[in-house]
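Next come the chains, spelled out residue by residue.
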Amino acid sequence: MVERILLSSPHMGGLEQSFIQEAFETNWIAPLGANVNAFERELASYVGIKAGSATSSGTAAIHLALDLLGVRAGDIVFCSTLTFIASANPILYLGAKPVFIDSEESTWNMSPEALKLAFKDAKASGQLPKAVIIVNLYGQSARMAELMDICNSYGVPVVEDAAESLGSTYRGKKSGTFGKFGIYSFNGNKIITTSGGGMLMSDDIDLIEKSRFLATQARDAAKHYQHSVIGYNYRMSNIVAGIGRGQLKVLNERVSQKRAIFQRYAEAFSHLDGIEMMPELDGTFSNRWLSTMTLDPMKILITPNELIDVLDEANIEARPVWKPLHMQPLFSGSKFFPHDEKDIVSERLFARGICLPSDTKMTEEQQQRVIDLIIHKVKPILIK
Ligand SMILES: *Cc1c(COP(=O)(O)O)cnc(C)c1O
């Protein structure tokens with residue numbers, strides 16, 4: 001049996017253990033400690049933002065961001081529809097109501113047109129959202145300039161879900177630094193991993209300080225255990241942060257590797273009519289976390305799901321594109337604003353999209369095996 005080729009798996013750089021070793025030697029095993037502080041500083045400096053607060057997951061960071069923005073039961077929060085469930089679950093944790101916004105073609109991310117419609121509707125109904133969660137899918141930045149302008153014109157703060165786009169840029173500025181808050185994830189499949197973890201970022205140092213308070217059970221400044229608000233147990237441990245410090249050292253290398261993987265797919269499939277690689281908007285630089293493409297059903301016989309099964313039989317892991325959240329049973333009944341009534345972009349991308357193996361440990365020979373199989377299976381529909 002040939003070795004399985006994975007979608008995206010942890011790829012250690014080599015220095016991680018030295019940071020963990022240091023934590024062991026100083027017995028800083030308990031939550032918090034020197035690695036956590038250093039990881040927060042180092043990541044903030046890498047992306048060019050004032051402060052970060054390390055959390056137990058990216059989901060926890062989104063939850064803290066929404067809590068700090070005052071999202072409470074009955075409030076509305078806008079969110080990109082084409083994303084992983086973790087972008088929106090924290091809205092439900094707080095008892096608030098998500099409203100989903102469609103994608104647009106050039107980034108697969110939130111459509112400024114659909115966002116405008118959602119704001120008009122919210123204004124007319126007398127209830128503006130408390131926050132807008134903008135996702136940067138598979139490393140590609142959303143149209144941040146247009147989206148920020150719209151949110152700013154209504155005075156509504158943005159949480160940038162950059163869980164998949166660490167290392168990407170939009171007009172030279174790092175992804176995750178545009179909103180009131182940005183969040184990153186270090187889950188096992190992300191471009192760098194701590195085995196599990198996240199980071200909440202902001203230029204507002206006071207809010208980041210407050211997030212650390214909320215993430216450690218919101219304990220008041222009293223000798224006895226006293227609590228006035230709801231808190232969480234959401235901090236990253238000092239061991240985990242040590243892995244993160246080591247991973248940060250290879251982040252740029254991982255971005256180059258991911259981009260090279262994407263480039264090889266793009267070149268190999270360039271002659272196949274009906275395959276389109278995920279776009280990269282002018283002025284943006286994607287970390288290409290996952291190499292993703294669409295199959296045009298008018299031009300190609302095989303469907304994404306059939307292709308995923310064929311690859312799986314050859315011990316190759318591929319996945320569908322995220323199922324839009326407005327199509328999820330969990331969110332049935334939630335409001336949704338399409339980019340175009342006649343052509344719902346997120347639904348089309350879901351029907352046609354496939355995420356290809358993008359593991360940075362994959363060799364060129366292994367990738368060639370993936371490419372050869374796809375070229376062999378993707379048959380054009382012959383027009384008679
Ligand atoms: C991975 C991911 C998250 C959540 O991160 P966790 O660290 O797994 O909680 C949030 N949003 C998106 C878009 C993600 O891909």
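Residues numbered from 1 in each chain as written. Predicted model: local features only at pLDDT ≥ 70, side-chain atom pairs only at ≥ 80, totals over all residues. Heavy atoms only, no water.

The name recorded for the protein chain in an unreviewed UniProt entry is Pyridoxal phosphate-dependent aminotransferase, from Ureibacillus sinduriensis BLB-1 = JCM 15800. Its UniProt record gives the protein chain the following Cofactor (unreviewed entry) comment, quoted word for word: "pyridoxal 5'-phosphate". Here the protein chain is described in UniProt, under the heading Sequence similarities (unreviewed entry), as follows: "Belongs to the DegT/DnrJ/EryC1 family." (UniProt positions renumbered as here; feature names shortened; annotations may be inferred.)

**Concerning the UniProt feature "modified residue: N6-(pyridoxal phosphate)lysine" (unreviewed entry) in the protein chain**
UniProt's feature table lists "modified residue: N6-(pyridoxal phosphate)lysine" (unreviewed entry) at Lys190, given in the numbering used throughout. Along the chain, Lys190 turns up in the loop between β8 (181-185) and β9 (198-202). With sequence-adjacent residues up to four places away left out, Lys190 is seen in contact with Ala163, Glu164, Ser185 and Trp289. (Helix = DSSP H or I, 4+ residues; strand = E, 2+ residues; numbered from the N terminus. Contact = heavy atoms within 4.5 Å.)

**Comments concerning the packing of aromatic side chains**
Applying the stated criterion to the full structure yields 10 aromatic pairs. Summarising the aromatic geometry, the rings of Phe39 and Phe186 are spaced 5.2 Å apart at their centres and angled 55° between planes, so their arrangement reads as tilted. Within this pair, whereas Phe39 is found in helix α2 (residues 34-47), its partner Phe186 is found in the loop between β8 and β9, the two being separated by 147 residues in sequence. With respect to burial, Phe39 and Phe186 carry one shared label: buried. Between Phe100 and Phe331, the ring centres sit 4.9 Å apart and the planes meet at 65°, which makes this aromatic pair edge-to-face. Of this pair, Phe100 sits in strand β3 (residues 97-101) while Phe331 sits in the loop between β13 (319-320) and β14 (335-337); the two residues are 231 residues apart in sequence, bridging distant segments of the chain. Neither residue differs from the other here; Phe100 and Phe331 are each classed as buried. Three or more aromatic residues link up through ring pairs in this structure, and these residues are Phe84, Tyr138, Trp289 and Trp322. One Lys or Arg, Lys173, reaches over the ring of Phe178 and ends 5.2 Å from the middle of that ring. Here the basic side chain of Lys174 rests over the ring of Tyr46, its NZ or CZ set 4.8 Å away from the ring centre. (Phe/Tyr/Trp six-rings, centres within 6.5 Å; stacked < 30°, edge-to-face > 60°. Buried < 20%, exposed > 50% of the residue type's maximum accessible area, 1.4 Å probe, protein only. Lys NZ or Arg CZ within 6 Å of the ring centre and 35° of its normal.)

**Considering empty space enclosed by the protein**
Tallying each qualifying case throughout the model produces one cavity of 30 Å³ or more. Its volume calculated, the largest cavity comes out at about 40 Å³. Lining of the largest cavity is provided by Ser8, Ser9, Lys190, Ile191, Arg254, Lys258, Asp359 and Thr360. The residue makeup of the lining of the largest cavity, split by class, is one nonpolar, three polar and four charged. (1 Å grid on protein atoms, 1.4 Å probe; cavity = no way out; pocket = protein on both sides within 12 Å on 5 of 7 lines; lining within 4 Å. Points joined across faces, edges and corners; volume = space filled by probe spheres on them. Nonpolar A, V, L, I, M, F, W, Y, C, P; charged D, E, K, R; others polar.)

**Section: the UniProt feature "active site" (unreviewed entry) in the protein chain**
When the UniProt feature table is mapped onto this chain numbering, "active site" (unreviewed entry) sits at Lys190. The exposure class assigned to Lys190 is buried, which follows from its relative accessible area of 9%.

**Brief notes about the sheet that holds strand β4 (residues 131-135)**
Here eight strands make up an open sheet; going across it, the order is β1-β9-β8-β5-β4-β2-β3-β14 and the pairing mixed. Lying at the two open borders of the sheet, with one neighbouring strand each, are β1 (51-55) and β14. Across the sheet, the mean angle from the axis of one strand to that of its neighbour is 20°, orientation sign disregarded. Of the pairings in the sheet, the one linking β3 to β14 comprises three bridges and is parallel in character. Bridge assignment links Val99 to a residue of β14, and that residue is Lys335. (Pairing = 2+ DSSP bridges. Axes fitted to C-alpha atoms, helices over the stretch in contact; angles between N-to-C directions.)

**Some words on the packing of helix α10 (residues 304-313) against helix α12 (residues 364-377)**
One way to put it is that α10 packs onto α12 with a least axis distance of 11 Å and a crossing angle of 135°. Considering their axes alone, α10 and α12 lie oblique with respect to each other. Handedness of the crossing formed by α10 with α12: right-handed. Each of Leu307, Val310 and Leu311 in α10 lies in contact with α12, whose residues at this interface are Val370, Leu373, Ile374 and Lys377. (Parallel < 35°, antiparallel > 145°, perpendicular 65-115°, else oblique. Left-handed = near helix turned anticlockwise from the far one by under 90°.)

**Here we look at the pattern of salt bridges**
Following the criterion strictly, the structure yields 21 salt bridges and no others. The salt bridge partner of Glu104 is Arg143, with a shortest N-O separation of 3.6 Å. Of the two residues, Glu104 is situated in the loop between β3 and α5 (112-125) and Arg143 in the loop between β4 and α6 (144-153); the sequence distance between them amounts to 39 residues. Its relative accessible area of 6% is what places Glu104 among the buried residues. A salt bridge links Asp204 to Lys180; the nearest nitrogen and oxygen atoms lie 3.4 Å apart. With Asp204 in the loop between β9 and α7 (205-214) and Lys180 in the loop between β7 (173-174) and β8, this residue pair connects regions lying 24 residues apart in the sequence. (Salt bridge = Lys/Arg side-chain N within 4 Å of Asp/Glu carboxyl O.)

**A word on the site of the ligand**
The environment of the ligand is made up of 15 residues, and the closest members are Gly58, Thr59, Glu164, Ser185 and Lys190. Within the side chain of Lys190, a nitrogen or oxygen atom sits 3.3 Å from an oxygen atom of the ligand. When the ligand is considered free in solution it has 380 Å² of accessible area, and contact with the protein chains removes 94% of it. In terms of residue class, the shell around the ligand is made up of four nonpolar, eight polar and three charged. (Near = heavy atom within 4 Å. Polar contact = N/O pair within 3.5 Å; in protein donor to acceptor, adjacent residues only side chain to side chain. Areas by Shrake-Rupley, 256 points an atom, 1.4 Å probe, with all protein chains shown as cover.)

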